[in-house]
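# Examining the three-dimensional arrangement
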Amino acid sequence: MGGVNDTRVDDEVRSVWLRPRRRTRGEPPITRDRIAEAAVELLDAEGIERLTMRRLAERLAIVAPSLYHHVDTKDDVIDLAVDAIFGEQSPDLPGSAAWREQVTEVMTGWRATLLRHPWAAAVPARRRPAIGPNFLSQMELLQSTLHGAGFTAKALPAATWALYNHVFGSASTQAALDITEAERKAGQDQLLADKDRFPTLAANGYLYDDDWEGTFHIGLKYLLDGLEAQRNTA
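What you are looking at is a predicted structure, and each value in this text was computed from that prediction instead of being measured. Position numbers for residues count from 1 along each chain, tracking the sequence in the order it is written. Side-chain atom pairs in this predicted model are given and counted only at pLDDT of 80 or more, local residue features only at pLDDT of at least 70, and totals for whole chains, interfaces and linings cover all residues. Working from all heavy atoms in the structure, the side-chain values ignore hydrogens and water.

For the rest of this paragraph, the subject is the packing of helix α1 (residues 32-46) against helix α2 (residues 53-60). For the pair α1 and α2, interaxial distance at closest approach is 10 Å and the crossing angle is 110 degrees. Classified by the interaxial angle, the pair formed by α1 and α2 is roughly perpendicular. Pair α1 / α2 crosses with right-handed handedness. Between α1 and α2, the contacting residues are Arg34, Ile35, Ala38, Ala39, Glu41, Leu42, Ala45 and Glu46 on the first element and Arg55, Leu56, Arg59 and Leu60 on the second. Taken together, the residues that form the contact of α1 with α2 break down as 7 nonpolar, no polar and 5 charged. The angle between two axes is taken between their N-to-C directions and runs from 0 to 180 degrees, where each axis is a line fitted to C-alpha atoms and a helix contributes only its stretch in contact. By definition, any uninterrupted DSSP run of H or I lasting at least four residues is a helix, any uninterrupted run of E lasting at least two residues is a strand, and each is numbered from the N terminus. To sort the angles, those under 35 degrees are grouped as roughly parallel, those over 145 as roughly antiparallel, those from 65 to 115 as roughly perpendicular, and the leftovers as oblique. It is the rotation of the near helix from the far one that decides the hand of a crossing: anticlockwise by less than a right angle makes it left-handed, clockwise makes it right-handed. For this analysis, residues touch if any pair of their heavy atoms sits within 4.5 Å. The residue classification treats Ala, Val, Leu, Ile, Met, Phe, Trp, Tyr, Cys and Pro as nonpolar and Asp, Glu, Lys and Arg as charged. All others, Gly included, are polar.

The feature "DNA-binding region" (unreviewed entry), as annotated in UniProt, sits at residues 52-71 in this numbering. Note that residues 52-71 is 40% helix and 0% strand, and that its end C-alpha atoms are spaced 12 Å apart. UniProt positions are given in the numbering used here, feature names are shortened, and annotations may be inferred rather than shown by experiment.

Throughout this description, the term salt bridge denotes a Lys or Arg side-chain nitrogen within 4 Å of a carboxyl oxygen of Asp or Glu. Taken as a whole, this structure holds 13 salt bridges when the rule is applied. Note that Glu46 is salt-bridged to Arg50, the shortest N-O span being 3.2 Å. Throughout this description, buried means an accessible area under 20% of the type-specific maximum (1.4 Å probe, protein chains only), exposed means over 50%, and partly exposed covers the range between. Looking at Glu46, the relative accessible area reads 30%, which means it is partly exposed. Exposure remark for Arg50: the relative accessible area of 44% places this residue in the partly exposed category. With a shortest N-O distance of 2.9 Å, Asp225 and Arg100 are connected by a salt bridge.

Time to look at the environment of Asp72. Structurally, Asp72 is set in the loop between α2 and α3 (74-85). Along the chain, Asp72 and Ser15 lie 57 residues apart, while their C-alpha atoms are 9.9 Å from each other.

With a phi angle near 60 degrees, Ala61 is a residue other than glycine that sits in the positive phi range. As for its position among the elements, Ala61 is in the loop between α2 and α3. Residue class for Ala61 comes out exposed when judged on its relative accessible area of 69%. We note that Ala153 has phi near 50 degrees; this positive angle belongs to a residue other than glycine. When you line up the elements, Ala153 lands in the loop between α5 (133-148) and α6 (155-176). The class of Ala153 is exposed, set by a relative accessible area of 67%.

Time to look at the side chain of His117. Relative to the helices and strands, His117 resides in the loop between α4 (99-116) and α5. Reaching out from His117, the side chain makes a polar contact with the side chain of Glu88 at a distance of 2.9 Å. When neighbours within four sequence positions are excluded, His117 is seen to be in contact with Val40, Asp44, Ile85 and Glu88. Two N or O atoms count as a polar contact when they lie within 3.5 Å, although within protein this holds only if one can serve as hydrogen donor and the other as acceptor, and sequence-adjacent residues are included solely when both atoms are side-chain atoms.

Ring pairs (aromatic) are described by centroid distance and by the angle formed between their planes. Any Phe, Tyr or Trp ring, taking Trp's six-membered ring, that has another such ring centre within 6.5 Å forms a pair; planes under 30 degrees apart are called stacked, those over 60 apart edge-to-face, and the others tilted. All chains considered together, the criterion is met by 10 aromatic pairs. The interplanar angle of 85 degrees and the centroid separation of 6.4 Å between the aromatic rings of Phe135 and Tyr164 together place this pair among those described as edge-to-face. Of the two residues, Phe135 is situated in helix α5 and Tyr164 in helix α6; the sequence distance between them amounts to 29 residues. Like Phe135, the residue Tyr164 is buried in the burial classification. An aromatic cluster of three or more residues is present, and its members are Phe86, Trp110, Phe135, Trp161, Tyr164 and Phe168. When the ring centre of Phe216 is taken as reference, the NZ or CZ atom of Arg111 above it lies at 4.9 Å. Think of it as a cone above the ring: NZ of Lys or CZ of Arg counts as a charge over the ring if it is within 6 Å of the ring centre and within 35 degrees of the ring normal.

What follows covers the environment of Leu114. With respect to the secondary-structure elements, Leu114 resides in helix α4. A sequence separation of 29 residues divides Leu114 from Ile85, and the C-alpha atoms of the two residues are 8.4 Å apart. If we skip the residues at most four places from it in the chain, Leu114 touches Phe86, Ala120, Ala121, Val167, Phe168 and Ala171.

The definition of a nonpolar core used throughout is a set of buried Ala, Val, Leu, Ile, Met, Phe, Trp, Tyr and Cys residues joined through side-chain atoms within 4.5 Å. If you look at the biggest cluster of nonpolar residues, it comprises 51 residues, and the most contacted ones within it are Leu56, Leu67, Met107, Trp110, Trp119, Leu146 and Leu163. Going through the elements one at a time, α1, α2, α3, α4, α5, α6 and α9 (212-231) are the ones with two or more residues in this core. Each of domain 1 (16-85) and domain 2 (92-232) gives at least three residues to this core. The contact partners of Leu56, leaving out residues within four places of it in the chain, are Ile35, Ala38, Ala39, Leu42, Leu51, Leu67 and Val77. The start and end points of each domain follow an automatic or database-based domain assignment.

Spelled out as structure tokens, the structure:
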């Protein structure tokens, strides 16, 4: 969505999910689903920096131009791959489950998906929205659960994005952080030496705080407690 000073052409449809598919003579040599599957395999093995159209074509055993029956750019490939991984999870809760239990199941599933595919954790920071069918199904599940719990109007997107940002922030930080034990010790020693300036960080082992699973679930509980408190006023 463009801001007031945005001079970009707003009628350009860039998403692979929104552009009409090209018409070709005969059957294209590869399917969109196979492109997505191969892209996920490549991204899992080598990371997002190593993804190129040429390398993807080699993995598919086709010539690179054949990819352009389905995609225009590497961003299109990433969009397909992101949507593919969000098709992996299928929350299995009875319809009678409490809304907090349902939300926790969905959020925990999202986090597990992102940690299985760490390249994906930073993708939402890109400008292109995730609007593939699998991801939209997950968002529909989350929003319908929140809506059923009483979050409507502006409260619905506010609750949705608070939870979304918690999951993606947790997963992206865990996936991206690269610190050695030597760096931890040196950093903590520096904090202790400067504890008059950073007393809380020094006293609580800031650089040793890596209980990702525990802090994720505690943070999620804090969010759900806050949403519970607001639910009847939403």
